[in-house]
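A structural walkthrough
Chain by chain, the residues:
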Amino acid sequence: VQLVESGGGLVQAGGSLRLSCVASGNIFRLYAMAWYRQAPGKQRELVAGISSSGSTNYADSVKGRFTISRDNAKNTVYLQMNSLKPEDTAVYYCARPISNSNSIVASWGQGTQVTVSS
């Protein structure tokens, strides 16, 4: 499956951005999906995940600020990011885990840069 992200950019601290990821294929509804991020000099980390049934999970650092959602009719997963902080600055990647119960990533998007200025 091909994943294409959009929606990154430069925003001031406290601001909001919404990332989108469009997936190819016609069985998107069966996929678990996730967002990861990688800041300079740091390892890539899981930000949020959503199962095929809509169950969600979040990294502690973004709980209460970020929301992952999906629109199966549009083959799209979203990441709404509110109350952004400079430490949220990173390249954000859309990902398709192998399954709802296996977090190993089968497909990655190309990434979109999010920069939060203080």
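Relevant structure appears above.
Computed from a predicted model, the values in this text were never measured in an experiment. (Residues numbered from 1 in each chain as written. Predicted model: local features only at pLDDT ≥ 70, side-chain atom pairs only at ≥ 80, totals over all residues. Heavy atoms only, no water.)

Brief notes about the pairing of strand 10 (residues 102-108)
Strand direction decides the pairing type here: strand 9 (residues 90-99) and strand 10, joined by four bridges, are antiparallel. By the bridge assignment, Pro-97 is partnered in strand 10 with Val-105. What sits between strand 9 and strand 10 in their antiparallel hairpin is a turn of two residues. (Pairing = 2+ DSSP bridges. Helix = DSSP H or I, 4+ residues; strand = E, 2+ residues; numbered from the N terminus.)

Here's the deal with the state of the cysteines
According to the stated counting rule, one finds one disulfide in the structure shown. Two residues, Cys-21 and Cys-94, share a disulfide whose sulfurs are 2.1 Å apart. An S-S torsion of about -80 degrees defines the bridge between Cys-21 and Cys-94 as left-handed. Remark: Cys-94 occurs in strand 9 and Cys-21 occurs in strand 3 (residues 17-23); sequence separation between them is 73 residues. Here Cys-21 and Cys-94 have matching classes, each one buried. (Disulfide = S-S within 2.5 Å. Buried < 20%, exposed > 50% of the residue type's maximum accessible area, 1.4 Å probe, protein only.)

Some points on the packing of aromatic side chains
What characterises a pair of aromatic rings is the spacing of the ring centres plus the angle enclosed by the ring planes. Per the counting criterion, the structure on display carries two aromatic pairs. Taking 5.0 Å as the distance between ring centres and 70 degrees as the angle between the ring planes, the aromatic pair formed by Tyr-36 and Trp-108 counts as edge-to-face. Of this pair, Tyr-36 sits in strand 4 (residues 33-38) while Trp-108 is found in strand 10, placing the two residues 72 residues apart along the sequence. Classification of Trp-108 as partly exposed rests on a relative accessible area of 37%. Pairwise contacts between aromatic rings join Tyr-36, Tyr-93 and Trp-108 into one cluster. Over the ring of Tyr-93 we find Arg-44, and its NZ or CZ is 3.7 Å from the ring centre. Of note, Arg-96 hangs over the ring of Tyr-31, and the distance from its end group to the ring centre comes to 4.4 Å. (Phe/Tyr/Trp six-rings, centres within 6.5 Å; stacked < 30°, edge-to-face > 60°. Lys NZ or Arg CZ within 6 Å of the ring centre and 35° of its normal.)

Things to note about the side chain of Thr-112
By secondary structure assignment, the location of Thr-112 is in strand 11 (residues 112-117). Of the residues examined, Thr-112 reaches a relative accessible area of 10% and is grouped as buried. Reaching out from Thr-112, the side chain makes a polar contact with the backbone nitrogen of Gly-8 at a distance of 3.2 Å. Among residues more than four places away in sequence, those in contact with Thr-112 are Glu-5, Gly-7, Gly-8, Leu-19, Ala-90, Val-91 and Tyr-92. (Polar contact = N/O pair within 3.5 Å; in protein donor to acceptor, adjacent residues only side chain to side chain. Contact = heavy atoms within 4.5 Å.)

Topic: the nonpolar core
The biggest cluster of nonpolar side chains holds 27 residues, and the ones touching the most others in it are Met-33, Trp-35, Val-77, Leu-79, Met-81 and Tyr-92. Of all the secondary-structure elements, those providing two or more residues to this core are strand 3, strand 4, strand 5 (45-50), strand 7 (66-71), strand 8 (76-81), strand 9 and strand 11. (Core = buried A, V, L, I, M, F, W, Y, C linked by side-chain atoms within 4.5 Å.)

Considering unusual backbone geometry
If you check the backbone angles, Asn-75 has positive phi at about 55 degrees while not being a glycine. Positive phi, normally seen in glycine, also occurs at Ser-83, with a value near 50 degrees. By the element assignment, Ser-83 lies in the loop between strand 8 and strand 9. You can call Ser-83 partly exposed: its relative accessible area is 41%.

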